[in-house]
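Inside the fold
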Amino acid sequence: MGIFADKEKIDLFQPTESETTFYIKSSKTTIRLDNKFLRIARGGLNNAILQGLDGEKSILLSTITAFQIKEPGVTTGYMQFIYPGSSDVKAGAWSAVKDENTIAFSKGEKSIILEIKNAIESKLK
């Protein structure tokens, strides 16, 4: 029997009651938001080519200093998160979709992005 046998096990990867999940179909990206973290998980071949097989990216909500939303037009739209130590991509949509702190989206998914924005803002209040 281990040292922590009588303690309740907490699985940090299981959803909590306060977790909200969003899915961006065009970029095969799942965003999970709880009271402390924004978690970004990517699937699909394009994401593997652009960003590698890194698994899930977790960003501590309290460290987010800004986010930028670029409306989709001729190119894809994106939402980028900025926090200390991250880089703000200023080279356009192609550079942004390769950035691990960016979520790409299509015109029809703008409402989901705005839901994510509103959920993050309400968690930060």
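Each remark here, short or long, concerns the structure printed above.
A short tour of the structure in this document, coming up. Everything numeric in this text was worked out from a predicted model, so none of it was measured. (Residues numbered from 1 in each chain as written. Predicted model: local features only at pLDDT ≥ 70, side-chain atom pairs only at ≥ 80, totals over all residues. Heavy atoms only, no water.)

What about the sheet that holds strand β3 (residues 37-42)?
Stated precisely, the cut-off is as follows: A pair of strands is treated as paired once DSSP finds two or more bridges between them. Each helix is a run of H or I in the DSSP string that is no shorter than four residues. Each strand is a run of E no shorter than two, and both are numbered from the N terminus. Axis definition: a line fit to C-alpha positions, over the contact stretch in the case of helices; interaxial angles, taken between N-to-C directions, run 0 to 180 degrees. It only takes one pair of heavy atoms within 4.5 Å for two residues to be counted as in contact.
Judged by pairing direction, the sheet is antiparallel, and its 4 strands sit side by side in the order β1-β2-β3-β4 without closing on themselves. The two strands at the open ends of the sheet, each matched to only one other strand, are β1 (20-24) and β4 (56-60). Taken over all neighbouring pairs, the strand axes of this sheet differ in orientation by 15° on average, direction set aside. Alignment of β3 against β4, held across 5 bridges, turns out to be antiparallel. Considered in β4, the bridge of I40 is made with K57. Relative to the sheet, helix α3 (residues 110-124) contacts β1, β2 (29-33) and β3, its axis offset from that of β1 by approximately 150°.

With respect to the pairing of strand β6 (residues 77-82)
Stated formally: For the exposure calls, accessible area comes from a 1.4 Å probe over protein chains only, and a residue counts as buried if that area is under 20% of its type's maximum, exposed if over 50%, partly exposed in between.
Among the 6 residues of β6, 6 are classified as buried, and the element is accordingly described as predominantly covered. Taking every second residue as pointing to the same face, both faces of β6 are buried, with G77, M79 and F81 on one and Y78, Q80 and I82 on the other. Both strand β5 (residues 66-70) and β6 contribute to a ladder of 5 bridges, which runs antiparallel. From the neighbouring strand, K70 faces β6, where its bridge partner is Y78. Taking the residues that link successive antiparallel strands as the turn, the β5-β6 hairpin has 6 residues.

Here we look at unusual backbone geometry
In this structure, K28 takes a positive phi of about 50° despite not being glycine. Along the polypeptide, K28 turns up in the loop between β1 and β2.

The values are spatial; any link to function lies outside them.
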